[in-house]
Amino acid sequence: MLYGAMKVSVGAGLKLAFRPWVEGKEHVPAAGPAILASNHLSFSDSFFLPAILDRKVTFIAKAEYFTSPGVKGKLTAAFFRGVGQLPVDRSGARGAGEEAVRSAVAVLERGELFGIYPEGTRSPDGRLYRGKPGGLARVALATGAPVIPVAMIDTEKIQPPGKIVPKLMRPGIRIGEPLDFSRYRGMESDRFILRSVTDEVMYAIMKLSGQEYVDVYATAAKRMLAEEAKKRRPDPR
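From a predicted model like this one, the values you see are computed outputs, not experimental measurements.

*Asks:* Would you take a moment to explain the environment of Leu141 for this structure?
*Replies:* As for its placement among the helices and strands, Leu141 is situated in helix α6 (residues 136–143). When its relative accessible area of 0% is taken as the criterion, Leu141 is described as buried. Beyond its immediate sequence surroundings of up to four residues, Leu141 is in contact with Phe181, Tyr184, Arg185, Gly186, Met187, Glu188, Ile193, Leu194 and Val197.

*Asks:* Can you walk me through the side chain of Ser209 in this structure?
*Replies:* Here Ser209 is to be found in helix α7 (residues 191–209). Once you skip the residues sitting within four places of it in the chain, Ser209 turns out to touch Asn39, Ala151 and Ile153.

*Asks:* Would you mind going over the pattern of salt bridges with me for this structure?
*Replies:* Evaluated as defined, the whole model comprises 10 salt bridges. With its nearest N and O atoms 2.8 Å apart, the salt bridge here joins Arg174 to Glu23. Of the two residues, Arg174 is situated in strand β8 (residues 172–175) and Glu23 in strand β1 (residues 21–23); the sequence distance between them amounts to 151 residues. Assessed through its relative accessible area of 23%, Arg174 is described here as partly exposed. Residue Glu23 is classed as partly exposed on the basis of its relative accessible area, which comes to 38%. Measuring nitrogen to oxygen at the nearest pair gives 3.3 Å for the salt bridge that ties Glu98 to Arg138. Taken together, the positions of Glu98 in helix α5 (residues 97–109) and Arg138 in helix α6 put the pair 40 residues apart, joining distant regions of the chain.

*Asks:* Looking at this structure, I do not really get the nonpolar core. What am I missing?
*Replies:* It is characteristic of soluble globular proteins that their nonpolar side chains tend to be buried jointly. Judged by nonpolar contacts, the single largest core of 27 residues is most densely connected at Ile35, Val147, Phe181 and Val201. Residue assignment for this core shows that the elements contributing at least two residues are β2 (34–38), α5, β5 (113–116), α6 and α7. Per-element accounting of this core gives the leading share, seven residues, to α7. In terms of nonpolar packing, the next biggest core, distinct from the first, is built from 21 residues, Leu14, Phe47, Ile52 and Leu53 among them.

*Asks:* I keep staring at the packing of α5 against α6 and nothing clicks. Help me out?
*Replies:* Two quantities define a packed helix pair, namely the angle between the helix axes and the distance between the axes. α6 packs onto α5 with a crossing angle of 40° between their chain directions and a minimal axis gap of 10 Å. Between α5 and α6, the crossing angle belongs to the class labelled oblique. Like other packed secondary-structure pairs, α5 and α6 cross with a definite hand, here right-handed. On α6, the residues touching Glu98, Val101, Ala104, Val105 and Leu108 of α5 are Arg138, Val139, Ala142 and Thr143. Of the residues assigned to the contact of α5 with α6, the class counts are six nonpolar, one polar and two charged.

Rules behind the numbers
- Residues numbered from 1 in each chain as written.
- Predicted model: local features only at pLDDT ≥ 70, side-chain atom pairs only at ≥ 80, totals over all residues.
- Heavy atoms only, no water.
- Helix = DSSP H or I, 4+ residues; strand = E, 2+ residues; numbered from the N terminus.
- Buried < 20%, exposed > 50% of the residue type's maximum accessible area, 1.4 Å probe, protein only.
- Contact = heavy atoms within 4.5 Å.
- Salt bridge = Lys/Arg side-chain N within 4 Å of Asp/Glu carboxyl O.
- Core = buried A, V, L, I, M, F, W, Y, C linked by side-chain atoms within 4.5 Å.
- Axes fitted to C-alpha atoms, helices over the stretch in contact; angles between N-to-C directions.
- Parallel < 35°, antiparallel > 145°, perpendicular 65-115°, else oblique.
- Left-handed = near helix turned anticlockwise from the far one by under 90°.
- Nonpolar A, V, L, I, M, F, W, Y, C, P; charged D, E, K, R; others polar.

As structure tokens, then:
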């Protein structure tokens, strides 16, 4: 009920203000489980994609969004639940891995749509980075759900870092044909299979988005960029 209300208010507002264009919406099934695997350019990706679909999409978000104290914390938690986000505690020894997989499997077993960003974090420079095999591939192989590649286009240009007021422009969403990995069902413990499945999905996303592909993880790229920026800072002494 809350998701529906948020979709009407937030989703309708986004569509009215930004008028996102969409290609391939017919590839999302009208019923049954499916995994939406998308590139990740902006915080707004998790809002634009559900806004243009008729069905609910559930994403995973860090638990801190749901546990912050005070009125602001409660409002933030209500908002994230309202837009279909699931809290995952990343403080364990293996981070969000096991809990994220269990949460995703539960969503798909209910016959719903699960959204995931295989890169694991937002792209630091608009390029497409190597997908992490631990989540996407394991969930796909554990459930047999089809993986639908999604390309978000230009969402990072709406509100670049340092900009408070978003730019009114038309982002795009391009949805590809479902990928079937049922031939690997039950092989989610094979790291070579996980890598192969993930790479196939990332290739499909790259073809849809037209992004330059970088064969390193986005988290590593962010660390390198931060280190380079630190070196460029003038010595205060």
